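# Secondary and tertiary structure notes
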Amino acid sequence: MTNKIDSIKETGLEEFEFTTFYVGDLLMGVDIQQVQEINRQLDTTEVPHAPECVRGIVNLRGEVVTVLDLRVILGLDATEINDKNRNVIIKADGENIGLMIDRIADVVYARLREIEPAPANISGVDGRFIKGVYKLDSELLVILDIDEVIKADKREGPEM
Amino acid sequence: MSNDNAELFASFVEEANEFLADVENDFLSIEEAGEQVDKELVNKVFRGIHSMKGSAGFLGLTSIGTLAHEMENVLNLIRGGELVPSSGIIDSLLKGADVLRTMVNHIDTSNDVDVSGNIKNLKAALSGKTTEEVKESLNRDVDISLPNGSLAFVMLKEMELVLRQRQGCHIYVAEVDFFADVHAKGSTPMEFLQNVYQYGELIDSYLSTAGIGDLSSDLPASMMFMIVLGSKLNQEELADALKLPVDQVHHIATPEQTLWESSGPIVPQGQNNQESAGPETAPESSESQPHQGIPNTRPKTESDRPATQAEGAGTTQVQTSLRVNVKVLDTLMNLAGELVLGRNQLLQEADSRDQRGIESVAARIDQITSELQEAIMQTRMQPIGTVFNKFPRVVRDLSSKLGKQSELIIEGKDVEMDKTIIEAIGDPLTHLVRNSIDHGIETPDIRTACGKNIVGKVVLRAYHQAGKVNIAISDDGAGIDGSRLKEKAVEKGLLTQDQAGELNHRDAIRLIFHPGFSMAQKVTDVSGRGVGMDVVKTNIERLGGTVDIETEIGVGTTIIVKMPLTLAIIPSLIVRCGEDKFALPQVNINELVRIKASEVSRKIERLKKAEVLRLRGTLLPLVRLSKALETQSRFHDSVARELKENKRVNIADRRKESPADRIPEVDEATPSEHIDNQREGTDRRENTAAGALNIIVVETGHFRYGLIVDELYDSKEIVVKPLGRHMKDCHCLAGATILGDGRVSLILDIAGIAGHMKLIMPETDESGTDKSNAALQGDETQSMLIFTNDPKEYFGVPTEFVSRIERIRTEQIDSVGGQEVLQYRGASLPLLNLESQIKARCRPQMSSVYVVVFKISRIEVGLIAPYLVDISEISTNIDTKTFRESGVVGSTILNDKTVRLVDVFELAEATHPEWFSQNETEETKKNKEKTILLVEDSSFFRQQMSNFLQTEGYEVLACEDGVIAWNTLRESRHDIGLVVTDIEMPKMNGLELARKIKADPAFSGLPVIAVTSLAGEDDIERGRQAGIDDYQVKLDREQLLISINRHLKQTRISMGS
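Everything numeric in this text was worked out from a predicted model, so none of it was measured.

## Looking at the overall build of chain B
- If you tally the helices and strands in chain B, you get 38 helices and 41 strands.
- For chain B, with 1057 residues in total, the buried portion stands at 50%.
- For chain B, long-range pairs separated by at least 24 residues make up 68% of all intrachain contacts whose partners lie at least 6 apart in sequence.
- For chain B, the computed accessible surface area is about 50400 Å², with 50% contributed by carbon and sulfur atoms.

Here it is as structure tokens:
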């Protein structure tokens, strides 16, 4: 796990801004540089035969964007839509991908050296999705490894 | 630096490719011209290859440079008239161009390519053709020194200088510092080189590495580029043209003068030279004196380039780019401006909430959007010539390889298509063109024997038609023999003998698109090995195109590829399944079938648990879209999913089984069987409860099946968007699109769904057995449209007579003077109804009825057919007694129902005798002096035709088969003027009869008209060969009469009356 933090440190920036949100009770964060936008296009078109973690696809100003259910990827029950849900649109290798989350939270500034390696498992979430954790005053911010999250479907697909 | 270099490399690659794309055709034209060299053309090629050589030298691409240099030598001699371009020389030039192309496209590794073979070829090509003097001069090396005595170039070929001087050029050496002379003046090295080509001819060049310094220094101080060039300008003009100080352009004197001298015997480009040259470096060409610092003498050897080469080669990334007409860009800019304006207006109007204002802005934006779309599409359009241009070479090479002679004619080079299509269509077209040469064009001896021009002709033509681009590849070769294809298909086990027999000509020819079917009689390295036309077809269909073939034995073959103009927008049918809408590309759709709830159970059958639709005598496998997409099951728990998987496998297994080798189903004892049964239950409920079924008959490649959807919407033009990486494994989907309401809809992939459902086509044997019992009994069949008047009474009319079917509201029917007419398309269509003419019950009161429209004596007549039942093949073994009356020819049994066959002509004649009297003219009266010999084995048809011909006033002799007819003909004392014969008959069939008649001098002038219930092109062709004069459909009396009269008249005239 330490090498993941190293990879953050290598960028040479002292301070990071994280877009944070809740998935269940967990506060999670994504490097704000990777976030394209946050919207509430929750009315997705289901895609037959897609991996289970794919919630559907939406029209993002003319681009067809895949929306992943972050809860499913992290091994929780599928998201049940309410008015707090949002899609966090992530830029990943030239493709925009939406992550459906339960509730959006603040932007958090984190100092790099205070980010700690993640335990193997936090509240049932597999450690491979976690880059590190950062202690806030009241709670723990779990920093997501977006690349792993986006790759996740290959193992989670229905063709098991 | 490296970025600059990458750009340079990219632009070199682009330009080189552009040049190489045309050069083949130019070479071919040069070859064709032979001694009458088109100087302008040779010059063009020469300049191209020359500039390539120059740029390659500059970029350190030694292999490309060397090869280009050698090719240039050859071209130079051709240009000077010293060398007559023979096919051998052109061959080596073409091969050189090939290698150049490969190297250019793999520019990073181009220097590793061994070009010595090509160079040897080129040299060999020269050696045989050139004079000793030229050869010597060609091989003699000279060195060039600058006025200050330092050696600038060594080992130039004397020939190069001499040739240019003969053309009136002066030889100059120019020193160029890319930093001071080019970069500082806001120009680029490429532009400089362009400039050089404009004013002179580059003979050789090299980049002096001396001034560059080592890798540690950030920027090299100077980059001296030495060029030798020939130009007709004088020294000052040239310096001015090249934007160089005069003192950097040195005039080199003519050979007689002292500045350059023969370096004597040829020094091989070997060790000695390299060793002596290698270690030399510039003493002090630094920033202080970049211009005066005459670069030290560097021999022109290959070993001297790697410094620059290493610099550039590693970082090169060739990007695909597109040239766009500036005009189009201007339009785009304009439209973008308009769009911004529109937006501003919209924001303003939205603020003011003025409805009218918003509407006008909306209209404006709508217009701009359309124009913008069009303009952007325009940027992607390219002329198809870019693809076509490579074919002359293909044809030439292939023809010579196969020992054939052929010429290629290209038409419609300027037709534009989307870039993606242009790029993707190259391979399929190449395959088709190769096929034309390989299989189409015959060898010269065969062509001579057939009396054809010894040179085969292949025409490649692109043209617009109905919003599509058609590409036709025609050859005047041997054509394709449908019967041979059939034999081969049977041989390969693709068809049974019986199925093969049933195929008509067109379908037989289309066998070549069958997977695993190679047209080649023998496998050659030219044609495929059984992967051929099916791949072509699949690839073309993948691009949204279609491919069709027309062929005639001995005359030639034409393959027509129809492509959409663009891939980005495709017309599609929007359908609903579950809660979602899906788009189905129109190109896949064959027809739409709607089955009423009441008929579902009758028309949908189960074949080994798979649903099939009986559609006009064939069985069509059905796929429920909801099942294919598992729309409701996606969030089921894993257990359910597992079971579903099982089910699918089982169904597939069962379908593969034939009744003969039924294996005890051990697996079926597992719980999955239970699930199956449950599913069966639901299916049945679906069938009964869902009401009407919407079936889309789709076709792709060799799959044809019915897709059951919940609802059909409109047809729309949709914009295809790719799906994200997570959906890579969704084979049932071809992409997504955004519908008018802003929601995303998925585009269905027909082939993918077939694959997913493990759909196995009921091979033709199933559709074969389906052709009603009549076929089994060996009787002829007739296709009949079956309808009911009163629901209990069935009637049939031959489908050949039906022009079309209309559905009308009953209030549209007027009754005028006892005649029912339909106001229709601005005219009135007379209607016939059965009950007023024949013994039939009245039709019930209905709000709308069908009208079957016929043509009688060029008058359209409608027959009211309240309910349409089906189209069936029925036996012609018809009872002509029981129900015979005027208007009914007889009856037959179909599915346990008595079907009465309606004779529309009699019906019409009974009500409107005046329609038929017009045919009676003096002409036809004369015809009736002759007797007609009618040969027909089916008593029904024999009687029918005999009756009707007699009614028309002809004498008729009716016979049962060919043998009787032949005997009758020979013994007859009647004056037989014409023979009307069936084809399929026992003992002697119609073809044999026709052959016999035509072979006998006594009867050879006797016209023979064949009547058949089904005339395929294949039959017609065979008939024509047997000597049959005309083909008519059995029950189409009007056409038959016209034909009879025409032929009788012709014989009368030719007999000299």
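## What to know about the interface of chain B and chain A
- Facing the 26 residues of chain B at the interface are 29 residues of chain A.
- Carbon and sulfur atoms make up 54% of the area that chain B and chain A hide from each other, which totals about 2500 Å².
- Our enumeration of links across chain B and chain A arrives at one salt bridge.
- Close ionic contact of Glu95(A) with Arg725(B) constitutes a salt bridge, the shortest N to O distance being 3.0 Å.
- Where chain B touches chain A, the interface holds seven residue pairs in polar contact (both at pLDDT 80 or more).
- Elements represented by at least two residues in the side of chain B that touches chain A include exactly strand S16 (580-585), helix H24 (625-629), strand S24 (733-738) and strand S25 (744-748) of chain B.
- Of the residues forming the side of chain B that touches chain A, the biggest block, three residues, is contributed by S24(B).
- Among the residues making up the side of chain B that touches chain A, the classes are represented as 14 nonpolar, five polar and seven charged.

## Brief notes about the pattern of salt bridges
- Under the definition given, this model contains 31 salt bridges over all chains.
- Counted as one network, the salt bridges with shared partners bring together Glu24(B), Glu31(B), Asp91(B), Asp98(B), Arg101(B), Arg393(B), Arg396(B) and Asp397(B).

## As for the packing of helix H35 (residues 962-971) of chain B against helix H36 (residues 990-999) of chain B
All names here are of chain B.
- Direction vectors running N to C along H35 and H36 enclose 20°, while the axes themselves pass 9 Å from each other. With respect to H36, the axis of H35 lies roughly parallel. When you trace H35 past H36, the crossing you get is right-handed. In contact with Gly962, Ala965, Trp966 and Leu969 of H35, H36 contributes Leu993, Lys996 and Ile997.

## Some remarks on helix H3 (residues 62-79) of chain B
- Taking 1.5 Å of rise per residue, the 18 residues of H3(B) would be expected to cover 26 Å, and the 25 Å separating its terminal C-alpha atoms lies within 8% of that figure.
- Phi for Gly81(B), located one or two positions after H3(B), is positive at around 80°.

## Description of the sheet that holds strand S14 (residues 556-564) of chain B
All names here are of chain B.
- Strand order across the open sheet formed by five strands is S9-S11-S12-S14-S13, with mixed pairing between neighbours. Each edge of the open sheet is held by one strand with a lone partner, namely strand S9 (406-411) and strand S13 (546-552). Within the sheet, the average angular offset between the axes of one strand and its neighbour, ignoring direction, is 15°.
- The pairing of S9 with strand S11 (residues 456-465) spans six bridges and is classified as parallel. Pairing of serine 406 across the sheet is with glycine 456, part of S11.
- On the sheet, helix H17 (residues 419-440) packs against S9, S11, strand S12 (468-475) and S14 and is oriented at approximately 20° with respect to S12.

About the thresholds
- Residues numbered from 1 in each chain as written.
- Chains lettered and ligands numbered in written order.
- Predicted model: local features only at pLDDT ≥ 70, side-chain atom pairs only at ≥ 80, totals over all residues.
- Heavy atoms only, no water.
- Helix = DSSP H or I, 4+ residues; strand = E, 2+ residues; numbered from the N terminus.
- Buried < 20%, exposed > 50% of the residue type's maximum accessible area, 1.4 Å probe, protein only.
- Contact = heavy atoms within 4.5 Å.
- Areas by Shrake-Rupley, 256 points an atom, 1.4 Å probe, with all protein chains shown as cover.
- Buried area = accessible area lost by both parts, 1.4 Å probe.
- Salt bridge = Lys/Arg side-chain N within 4 Å of Asp/Glu carboxyl O.
- Polar contact = N/O pair within 3.5 Å; in protein donor to acceptor, adjacent residues only side chain to side chain.
- Nonpolar A, V, L, I, M, F, W, Y, C, P; charged D, E, K, R; others polar.
- Axes fitted to C-alpha atoms, helices over the stretch in contact; angles between N-to-C directions.
- Parallel < 35°, antiparallel > 145°, perpendicular 65-115°, else oblique.
- Left-handed = near helix turned anticlockwise from the far one by under 90°.
- Expected span 1.5 Å × (residues − 1).
- Pairing = 2+ DSSP bridges.

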